[in-house]
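Fold and contact review
Chain residues, written in single-letter form:
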Amino acid sequence: MLTHEDKELLAKKGISEEKIAEQLACFEKGFPYLKLSAAASVENGGIMKAEDKDFEWYLAAWDAYKDGDKKIVKFVPASGAASRMFKNMFEFLGADYDKPTTDFEKKFFDHIHDFAFYNDLNAACMDNTGKNIDALLSEQNYKAIVSNLLEAAGLNYGALPKGLLKFHRYADGVRTPLEEHLVEGALYAAGKNGEVNVHFTVSTEHRALFEKLVAAKVGEYEAKYGTKFHISFSEQKPSTDTVAADMDNKPFRDKDGKLLFRPGGHGALIENLNDLDADIVFIKNIDNVVPDRLKADTVTYKKLLAGVLVTLQKQAFEYLELLDSGHYSHEQLETIIRFVQQQLRCRRTDLKELEDADLVIYLRKKLNRPMRVCGMVKNVGEPGGGPFLAYNPDGTISLQILESSQIDMKDPEKKAMFEKGTHFNPVDLVCAIRDYKGNKFNLLEHVDKATGFISYKSKNGKDLKALELPGLWNGSMSDWNTVFVEVPLSTFNPVKTVNDLLREQHQ
């Protein structure tokens, strides 16, 4: 039962009692696994591989679109703290030894001069210890260096978001991921007047720091690239938080008896995406950036994905207008069916049994929805979330990006499909979010609410269950037209640990 205090808290967050009941029911019944048809691959046609002759066509299609009056936005989820990036170094600080012992620790100190943040760290060490990094190294005072990197008295990198850390070194200075995303925006997402819209989702506590960095740097990049930036920010909405449950699936209460809410995961960002005023949206994670010398592949393939998207969208719009006219032949319907099945990769087994009137309803429904083209890179090492052909609630089979938690690994057939996956999802999407009449889609109507997942956490020593909303590119985009295109591994260079910054791609 909810108390008066509970109801006040819900009202403050903008969460209805019905939503709480829905979430508690999810803990009770869990989430079903998705029914798979196959892992998507180049061989089975689930992943498109652009031929050389296609490249020029799609790049030209994107350039022509950019020169029109459409609004293009680059959307960058940037709210995550960098604490996981420094997990190994936090462990070193708390270890009962003082010298680098693990391979990770040795590599960090052996190459400490190669980090873009070295000069800042050196200055922090001087301010706080009176000694520079080399002096501390010669004294074997390694922990002083790490504490100056991670803690508030130094650079505070352990508590800052990745977007504000210094990643790359240039002859004329250093750049953060936020700055690298501005440069990318100028290179592939500028409209006809050289205007670039970039939107960052940030956490409330870091927003002022992001705004300060933008204010300091934006003029420099506008001058360098001859562009005008429009930079906006949003935060994950409190109304997308989810209630935690105890092991009996009752609302979890903290030691003061208050309900505990947790962020709903990155799937909550579908709300932020839904609020954007845009025709085309590029989505890419904050830490997947490279220095300028390696940006050519990124720019080319971003344009390729966008060119594929606007080409497919144009065709879908023409077919929708034809269906609206009421003047079409059965042969034209057959052509539209082939487009939906072969280009948009959405199939329905009983299609031949439908009367023309029902067929038109079906085709209109499948054509008139948000569309996304997603880059897929070849698997290297362990497969992660990846591209699959999966069954939808309406019985159709279409392309979906799935995480391992959505797949029944106890089923040998499904486990084999997952393990044989040739590609994985690097979070490289271009999305079309207006319909053929120019109206914004309500993206919340295209979420599959049955695709969240439950994780196990603890609070003050008590076990709890946490509910994650359907992932942004998983269940939150489940009912979108989806196309996969192979992109090279050179376009995927995430920074998961601080030592990733020592890789050749970030030097």
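Everything numeric in this text was worked out from a predicted model, so none of it was measured.

Next up on the list: the nonpolar core. Counting 51 residues, the largest nonpolar core has W62, I280, F282, L304, I336, L363 and L367 as the members making the most contacts within it. Listed by contribution, the elements that provide at least two residues to this core are α3 (52-66), β10 (280-284), α12 (295-325), α13 (330-343), α14 (356-367), β11 (371-378), β15 (428-432) and β18 (481-486). Among the elements that line this core, the one with the most residues is α12, at 14 residues. The residues contacting L304, other than those within four sequence positions of it, are A50, F55, Y58, L59 and V485. One finds F108, L136, I145 and V289 within the second-largest nonpolar core, a separate group that totals 34 residues.

Sheet strands associate in pairs through backbone hydrogen bonding, adopting either a parallel or an antiparallel arrangement. Here we have three strands laid out as an open sheet, ordered β1-β12-β13, and antiparallel in their pairing. In this open sheet, the two edge strands, each paired with only one partner strand, are β1 (36-39) and β13 (397-402). Mean inter-strand twist for the sheet, computed between neighbouring axes without regard to direction, equals 35°. With three bridges joining them, β1 and strand β12 (residues 386-391) adopt antiparallel strand pairing.

Now for the packing of helix α6 (residues 118-129) against helix α8 (residues 142-150). Following both chains from N to C, one finds α6 and α8 inclined at 110°, their axes separated by 9 Å at the closest point. In terms of axis orientation, α6 runs roughly perpendicular to α8. Across the interface between the two elements, L121, A124, C125, N128 and T129 of α6 pack against A144, I145, N148 and L149 of α8.

In this model, helix α10 (residues 207-225) (19 residues) spans 25 Å end to end at C-alpha, consistent with the 27 Å of a helix rising 1.5 Å per residue. Along its length, α10 shows its largest kink, about 40°, at K217. Looking only at α10, the buried set comprises F210, L213, V214, V218, Y221 and E222. Where the residues of α10 are buried, they touch β5 (173-175), α9 (177-188) and β7 (228-234). G226 sits one or two positions beyond α10 and adopts a positive phi of about 60°.

To continue, consider helix α15 (residues 412-419). When α15 is considered as a whole, its buried residues turn out to be K414, M417 and F418. What you see down the axis of α15 is that its buried residues fit within an arc of 95°, all on one side. Buried residues in α15 make contact with β1 and β12. A distance of 2.9 Å separates the backbone nitrogen of E413 from a side-chain oxygen at the start of α15, and that oxygen is part of D411.

With respect to the element layout, K107 can be found in helix α5 (residues 103-110). Residue classification places K107 among the partly exposed residues on the basis of a relative accessible area of 39%. Linking K107 and N499, residues 392 residues apart in sequence, is a C-alpha distance of 7.5 Å. In this structure, K107 is in contact with N499 and L502, ignoring residues within four places of it in sequence.

Now for the pattern of salt bridges. Throughout the structure, instances matching the rule amount to 35 salt bridges. The salt bridge partner of D394 is K366, with a shortest N-O separation of 2.7 Å. With D394 in the loop between β12 and β13 and K366 in helix α14, this pair connects stretches of sequence that are 28 residues apart. For K366, a relative accessible area of 3% gives the class buried. K414 is paired through a salt bridge with E413; the nearest N and O atoms lie 3.7 Å apart. By relative accessible area, which is 15% here, K414 ends up buried.

The rules behind the values
Residues numbered from 1 in each chain as written. Predicted model: local features only at pLDDT ≥ 70, side-chain atom pairs only at ≥ 80, totals over all residues. Heavy atoms only, no water. Core = buried A, V, L, I, M, F, W, Y, C linked by side-chain atoms within 4.5 Å. Buried < 20%, exposed > 50% of the residue type's maximum accessible area, 1.4 Å probe, protein only. Helix = DSSP H or I, 4+ residues; strand = E, 2+ residues; numbered from the N terminus. Contact = heavy atoms within 4.5 Å. Pairing = 2+ DSSP bridges. Axes fitted to C-alpha atoms, helices over the stretch in contact; angles between N-to-C directions. Parallel < 35°, antiparallel > 145°, perpendicular 65-115°, else oblique. Expected span 1.5 Å × (residues − 1). Bend = angle between axes of the 7 residues up to and from the residue. Arc of directions from axis to C-beta. Polar contact = N/O pair within 3.5 Å; in protein donor to acceptor, adjacent residues only side chain to side chain. Salt bridge = Lys/Arg side-chain N within 4 Å of Asp/Glu carboxyl O.

Interpretation note: all reported values are geometric properties and have no functional meaning in isolation.
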